[in-house]
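What follows is the residue order along each chain.
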Amino acid sequence: MPLFTPSGAELAPVVGYANRLVCAPSERFGPRAISDFQFVFVASGAGRFFIGGRSYRAAAGCLFFYGPDVPHVIEADDADPFVLYGVHFAPEGPLPERPPESPLRIRPAKEDEPAPAEPGLPFPPCARTGMWPLPYFETFAREFVEKRPFASEALRGAMLQFAAKLLRWCESGSLPAPTPLEARIAAVRAMLEERAGSPYDAGWLTEASPYTHDYVSRKFRERFGLSPQRYHDERRVERAKRLLATSADTVTGVAQRLGFESVHYFCRWFKSRTGDQPSVYRQRNRTI
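Residues numbered from 1 in each chain as written. Predicted model: local features only at pLDDT ≥ 70, side-chain atom pairs only at ≥ 80, totals over all residues. Heavy atoms only, no water.

**Remarks on helix H3 (residues 180-194)**
- Given a rise of 1.5 Å per residue, 15 residues ought to cover 21 Å, and the 21 Å separating the end C-alpha atoms of H3 matches this to within 8%.
- Where the residues of H3 are buried, they touch helix H1 (134-146), helix H4 (204-207), helix H5 (213-224) and helix H6 (228-246). (Helix = DSSP H or I, 4+ residues; strand = E, 2+ residues; numbered from the N terminus. Expected span 1.5 Å × (residues − 1). Contact = heavy atoms within 4.5 Å.)

Written as structure tokens, this is what we have:
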């Protein structure tokens, strides 16, 4: 069932692309324009967004929105680069059997190019929402990448839930404060990200909360869709990719910084999760 927005627009979204991106220091996208609509959520880091001729300082908890042919630029900070989530969508249309594999339609734009008329959807170009959108964007990225049966339907459902919550937030300006359990689970997630440079330790879960390990693990999976160990493992892979792509460390040095006792085990671990040897990944991602 479509969502009818306060502007009268009918929203039955079709997601065309979703991802999670760990930016390199000073990485820049644009000036560019796209052929669909996009939300971008800043999970961490800092930088600037330029949308339709306006400039916005961006930090964790910022949500950005723009429509077709709106010129925009994204610039990551040098010292604290972004981790971004993005989702591209059409406001309505028939659902594909599975999310598409085709590349995005992006064109170069001029920084002073005039923005088109309002896109007809009542979302602000910049909203400082805090971190409540994060689980939605994690769902978008996971469903798009995994492409399991009914992924298109799951993506539409998640987008409708997110849009309804965002519209309520826009009307009220706030959401209820998290419960003590939600705050604890969020603290566990932050701790797992902070310790992505170390091997996983199941004792962390009881260290970060007064609840039992099994209870925290179950509630974490319900909240974020992954077990704490798998979530930590994915963050560790991302840190390995970033070190390989941006640092001068040798592969052995990267392995040591991530807490691996053997570079050979690190290479097997990295290839099992990315399909590439670390040296191959580095070579492909350090070219210009």
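**Looking at the packing of H6 against helix H9 (residues 278-285)**
- The interhelical angle for the contact between H6 and H9, taken along N-to-C directions, is 55°, at an axis separation of 8 Å. As summarised for this structure, H6 and H9 are arranged oblique, according to the angle between their axes. Two packed elements cross with a definite hand, and for H6 against H9 that hand is right-handed. Judged by residue contacts, Lys241, Leu243, Leu244 and Ala245 of H6 engage Pro278, Tyr281, Arg282 and Asn285 from H9.
- Looking at the contact of H6 with H9 residue by residue, the classes come out as five nonpolar, one polar and two charged. (Axes fitted to C-alpha atoms, helices over the stretch in contact; angles between N-to-C directions. Parallel < 35°, antiparallel > 145°, perpendicular 65-115°, else oblique. Left-handed = near helix turned anticlockwise from the far one by under 90°. Nonpolar A, V, L, I, M, F, W, Y, C, P; charged D, E, K, R; others polar.)

**Points about the packing of H6 against helix H8 (residues 263-274)**
- H8 packs onto H6 with a crossing angle of 105° between their chain directions and a minimal axis gap of 11 Å. Looking at the two axes, H6 sits roughly perpendicular to H8. Packed against H6, whose contacting residues are Asp233, Arg236, Val237, Ala240, Lys241 and Leu244, the element H8 presents Phe266, Trp269, Phe270, Arg273 and Thr274 at the interface.
- Looking at the contact of H6 with H8, its residues break down into six nonpolar, one polar and four charged.

**As for the sheet that holds strand S11 (residues 106-108)**
- Within the open sheet, the five strands sit side by side as S7-S6-S9-S4-S11. Their pairing is antiparallel. Either end of the sheet is taken by a strand with one partner, and the two such strands are strand S7 (54-59) and S11. Recorded for the sheet is a direction-independent mean angle of 30° between the axes of neighbouring strands.
- With three bridges connecting them, strand S4 (residues 28-34) and S11 associate as antiparallel partners. By the bridge assignment for S11, Ile34 is matched with Ile106. (Pairing = 2+ DSSP bridges.)

**Some words on the packing of aromatic side chains**
- Under the counting rule described, the total for this entry stands at 27 aromatic pairs.
- Ring geometry for Phe140 versus Phe162: centroids 6.1 Å apart, planes at 85°, classification edge-to-face. Pair noted here: Phe140 is in helix H1 and Phe162 is in helix H2 (residues 151-172), with a separation of 22 residues, a long-range link.
- Classification of Phe162 by relative accessible area gives buried; the value is 0%.
- A centroid spacing of 5.6 Å and a plane angle of 70° characterise the contact between Phe270 and Tyr281, whose relative ring orientation is edge-to-face. Of this pair, Phe270 sits in helix H8 while Tyr281 is found in helix H9, placing the two residues 11 residues apart along the sequence.
- Put simply, the rings of Phe37, Phe39, Phe41, Phe65, Phe89, Phe123, Trp132, Tyr136, Phe137, Phe140 and Phe162 touch in pairs and so form one group of aromatic residues.
- Sitting over the ring of Phe144, Lys147 keeps its end group 3.8 Å from the ring centre.
- The ring centre of Tyr231 lies 4.4 Å from the NZ or CZ of Arg235, which sits over that ring. (Phe/Tyr/Trp six-rings, centres within 6.5 Å; stacked < 30°, edge-to-face > 60°. Buried < 20%, exposed > 50% of the residue type's maximum accessible area, 1.4 Å probe, protein only. Lys NZ or Arg CZ within 6 Å of the ring centre and 35° of its normal.)

**Digging into the side chain of Arg32**
- Its place among the elements puts Arg32 in strand S4.
- Of the side chains with opposite charge, Asp36 comes closest to the buried, unpaired Arg32, at an N-O distance of 8.0 Å.
- For Arg32, the side chain forms a polar contact with the side chain of Gln38, separated by 3.4 Å.
- Among the polar contacts made by the side chain of Arg32, one reaches the side chain of His72 at a distance of 2.8 Å.
- When sequence neighbours within four positions are dropped, the list of residues in contact with Arg32 reads Gln38, Tyr66, Val70, Pro71, His72, Ile106, Arg107, Pro108 and Ala109. (Lys, Arg positive; Asp, Glu negative; His and termini not counted. Salt bridge = Lys/Arg side-chain N within 4 Å of Asp/Glu carboxyl O. Polar contact = N/O pair within 3.5 Å; in protein donor to acceptor, adjacent residues only side chain to side chain.)

**Observations concerning the layout of surface pockets**
- One number sums up the size of the largest pocket: a volume of about 710 Å³.
- Taken together, 26 residues make up the lining of the largest pocket; nearest its centre are Arg20, Val145, Glu234, Arg235 and Glu238.
- At the level of secondary structure, the elements contributing two or more residues to the lining of the largest pocket comprise strand S3 (14-22), H1, H6 and H8.
- In terms of residue count, H6 provides more of the lining of the largest pocket than any other element does, eight residues in total.
- Classifying every residue of the lining of the largest pocket gives 12 nonpolar, two polar and 12 charged. (1 Å grid on protein atoms, 1.4 Å probe; cavity = no way out; pocket = protein on both sides within 12 Å on 5 of 7 lines; lining within 4 Å. Points joined across faces, edges and corners; volume = space filled by probe spheres on them.)

**A word on H1**
- Taking 1.5 Å per residue as the helical rise, H1 with its 13 residues ought to reach 18 Å, and the 18 Å between its terminal C-alpha atoms agrees with that figure.
- In terms of burial, H1 is a largely internal element, 10 of the 13 residues being buried.
- The complete set of buried residues in H1 reads Leu134, Pro135, Tyr136, Phe137, Glu138, Phe140, Ala141, Arg142, Glu143 and Phe144.
- Just downstream of H1 lies Lys147, where phi reads positive at about 50°.

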